[in-house]
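Now for the letters of each chain:
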Amino acid sequence: MTFDQLLLLGAIIVPAAIGIIILVFFMNDHTRAKQLAWIAFSFPFIAGIFLFAGLDPYNDGYSYEILFDRMGLQALGITFHLGLNGVSAPLFAMAGIVGFSAGFAAIKSQADRISLYLGLLAFMQAGLMGLFASVDIFFYYLFHEFALIPTFIMIGLWGGRDRRSVALEITIYLTLGALISLGGLVALNVLVEAPKFDFPSLSEAILSDGLGVGTQKKIFALLLFGFGILVALFPFHTWAPRGYEAAPTSVSMLHAGVLKKFGLYGLVQLAIPLLPAGGISWGPFLLWLALCNILIVGAITISQSNLKSMIGNGSVMHMGYCFLGLGVCSSLGASATVMLMCAHGLSVSLMFLLANFIYKRSGSLEMDEIGGLAKQTPLLACFFAAATFATIGLPGFGNFWGEFAIFLSLGEYTDNYIILFLAAMGIILSAIFGLRAMSRIFFGAKTDELLVFEKKNSIHDLKPFEIIPTVVIIVPLLFIGLWPRGISEGIDTSVSSRFQSLENPKSNFGLPDCCPVDEVLVNGNKGVSTGNTSNKEKMEGGK
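The shown structure was predicted, so the numbers you read here are calculated from the model rather than taken from an experiment.

> Help me out: how do you make sense of the overall build of the chain in this one?
Across its full length, the chain carries 23 helices and two strands. Taken against the 2.2 N^0.38 rule, which gives 24 Å for 543 residues, the C-alpha radius of gyration of the chain at 23 Å falls within 12% of a compact globule. Across its three principal directions, the C-alpha atoms of the chain cover 80 × 50 × 40 Å. By sequence separation, contacts in the chain at least 24 residues apart represent 82% of the contacts at least 6 residues apart. For the chain, the exposed area adds up to about 19700 Å²; of that, 65% sits on carbon and sulfur atoms. Across the chain, the 31 positively charged side chains and the 35 negatively charged ones have centroids separated by 10 Å.

Spelled out as structure tokens, the structure:
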């Protein structure tokens, strides 16, 4: 096994093993638990950056592959198969970066039962790293559940107001979404005769044997709605803002920043490239739901007075842009979505981290009870401004390139001009709630509530142990914003190879040779608009 492979495997095993050690041996030894936690969160951080930096951006396959095919499930085509490609590598690195900052904040927190807290958080980190490293679809799903279960427990134990009811609501929603998406994955495994249940094998099997359009539509619908619930697609989004508001800071960072990308990742790597006819059929519907995320949830975000609630709703709103990129069903839209996923994961986790710092200095998350903090916390104000600008999508930050490319993908097709115009309105909504939050918290006169708090507590700027996790997130945000090519080349290579069935005018869209796509999709679905002029032309051009 090479050094790179050891890093890939260790990024999963090290936090999982340390989580077990903490929970078994050091539940009452908080000092030793914190020392071990540094290793649990530092190893994936270093491994993620190292492996991303060493990835060949022009390799359209997987790198650093590890395969254990004797897991007792080989009869079902299930193997323990790890690897990174141009799509998973930046998300893997992002998970390590956010995990390090979240772990740093947790170690320095004053949480009760800190050993249990750190042990569960380490388990969550292991699941997140395994999710993006898995090539086998069974383990891709399993690692998601591995990361999800600690989320429920930690919200229930360390959450804020109404934590029990919120934990129950999240459990119901996310379990339902996971079961629906599992149904789609099982259907793929049953209907496609592939030697292994992994991304490459399924791709080869579908391209060689094909799946009927009706089958593709049904399986795609299961994956779309299952993943959509997990990613908070409108109207299945209501669990997310309440959950993030109630969750402890580190859990909010990891769930909103990383775990919520599970569904989008599945749509990019699995659903759209393997079920192109289903993607084109459901694409217009997905575009309008995504637009609801942007406009309706964006309007709700403006009305929020609680800072964490505003950040949570804003996160759900910006997921709409990711779904827009996927609804176009093009390689440009999918590549832009992956870039925005990485940037959004960094920016929203940074916002939750800074919200915690603001709470420590004001005793409140209600923006109407805070004001004038900039004079005493200039560095915190600067960091919050940077996070806000990134969220809005200003040039210089990674979010800008993701949203800009998504707009370009929408503009490729004249049918989408109205959606493009309405989606652009979301930038105005983001600017309103972001800049208003800055104004309320850092400028103007101090509120009476803050003056009362200040009499009992000193208000000071960020300390070194608070600056470090903040800078760790801001640096990659600026890296993507100032040099997007550093991440886009690998994404474009991988996405283009997987989206050939959508981009190739002579493609049969995964259908068997006996069922030409032009007859099935055009004649068999009269009156159904795909919302994608280019794909219609490709179908008609094959006659």
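> What is the right way to look at the nonpolar core in this model?
Nonpolar side chains in soluble globular proteins tend to be buried together. One finds Leu-307, Leu-324 and Phe-384 to be the most contacted residues of the largest nonpolar core, which totals 188 residues. Per-element tally for this core: the top contributor is helix H14 (residues 331-362), with 18 residues. Excluding residues within four positions of it along the chain, Leu-324 makes contact with Leu-287, Ala-290, Leu-291, Ile-294, Ile-406, Leu-410, Ile-419 and Ala-423.

> Got a minute to help me understand the packing of helix H5 (residues 137-158) against helix H11 (residues 261-274) in this structure?
Each pair of packed helices gets described by two things: the angle between the helix axes and the distance between those axes. Remark: H5 packs on H11, axes separated minimally by 12 Å, with the N-to-C direction vectors making an angle of 170°. With respect to H11, the axis of H5 lies roughly antiparallel. Across the interface between the two elements, Ile-137, Tyr-140, Tyr-141 and His-144 of H5 pack against Phe-262, Tyr-265, Gly-266 and Leu-270 of H11.

> Explanation requested: the packing of aromatic side chains in the structure shown.
Given two aromatic rings, one states the distance between the centres and the angle between the planes to describe the pair. The final tally for this structure, using the stated rule, is 25 aromatic pairs. Summarising the aromatic geometry, the rings of Trp-38 and Phe-104 are spaced 4.9 Å apart at their centres and angled 85° between planes, so their arrangement reads as edge-to-face. Here Trp-38 is found in helix H2 (residues 30-54), whereas its partner Phe-104 is found in helix H3 (residues 88-107), with 66 residues between them in sequence. Using a relative accessible area of 7% as the deciding quantity, one classes Phe-104 as buried.

> What am I meant to see in the environment of Leu-478 here?
Looking at the element boundaries, Leu-478 is found in helix H19 (residues 464-482). Taking the C-alpha atoms as reference points, Leu-478 and Pro-395, separated by 83 residues in sequence, lie 9.7 Å from one another. Every residue in contact with Leu-478, bar those within four places of it in the chain, is listed here: Gly-396, Phe-397 and Trp-483.

> I'm lost on the side chain of Thr-151 in this one. Help?
Locating Thr-151 in the fold gives a position in helix H5. Side-chain polar atoms of Thr-151 contact the backbone oxygen of Ala-147, separated by 3.1 Å. With residues up to four places along the chain from it excluded, the contact list for Thr-151 reads Met-124, Val-251, His-255 and Leu-259.

> Any chance you could explain unusual backbone geometry here in plain terms?
Peptide bonds are mostly trans, and most non-glycine residues show a negative phi. Along the chain, Phe-234 connects to Pro-235 via a cis peptide bond; the corresponding omega equals 5°. The residue Pro-235 is located in the loop between helix H8 (213-231) and helix H9 (239-246) in this model. Unusually for a residue other than glycine, Tyr-64 sits at a positive phi of about 60°. Among the structural elements, Tyr-64 can be located in strand E1 (residues 63-68). Within the chain, Arg-113 stands out as a residue other than glycine whose phi angle is a positive 50°. Relative to the helices and strands, Arg-113 resides in the loop between H3 and helix H4 (114-133).

Thresholds applied
- Residues numbered from 1 in each chain as written.
- Predicted model: local features only at pLDDT ≥ 70, side-chain atom pairs only at ≥ 80, totals over all residues.
- Heavy atoms only, no water.
- Helix = DSSP H or I, 4+ residues; strand = E, 2+ residues; numbered from the N terminus.
- Rg over C-alpha atoms; globule rule 2.2 N^0.38 Å.
- Contact = heavy atoms within 4.5 Å.
- Areas by Shrake-Rupley, 256 points an atom, 1.4 Å probe, with all protein chains shown as cover.
- Lys, Arg positive; Asp, Glu negative; His and termini not counted.
- Charge placed at Lys NZ, Arg CZ, Asp CG, Glu CD.
- Core = buried A, V, L, I, M, F, W, Y, C linked by side-chain atoms within 4.5 Å.
- Buried < 20%, exposed > 50% of the residue type's maximum accessible area, 1.4 Å probe, protein only.
- Axes fitted to C-alpha atoms, helices over the stretch in contact; angles between N-to-C directions.
- Parallel < 35°, antiparallel > 145°, perpendicular 65-115°, else oblique.
- Phe/Tyr/Trp six-rings, centres within 6.5 Å; stacked < 30°, edge-to-face > 60°.
- Polar contact = N/O pair within 3.5 Å; in protein donor to acceptor, adjacent residues only side chain to side chain.

On their own, these measurements won't tell you what the molecule is for.
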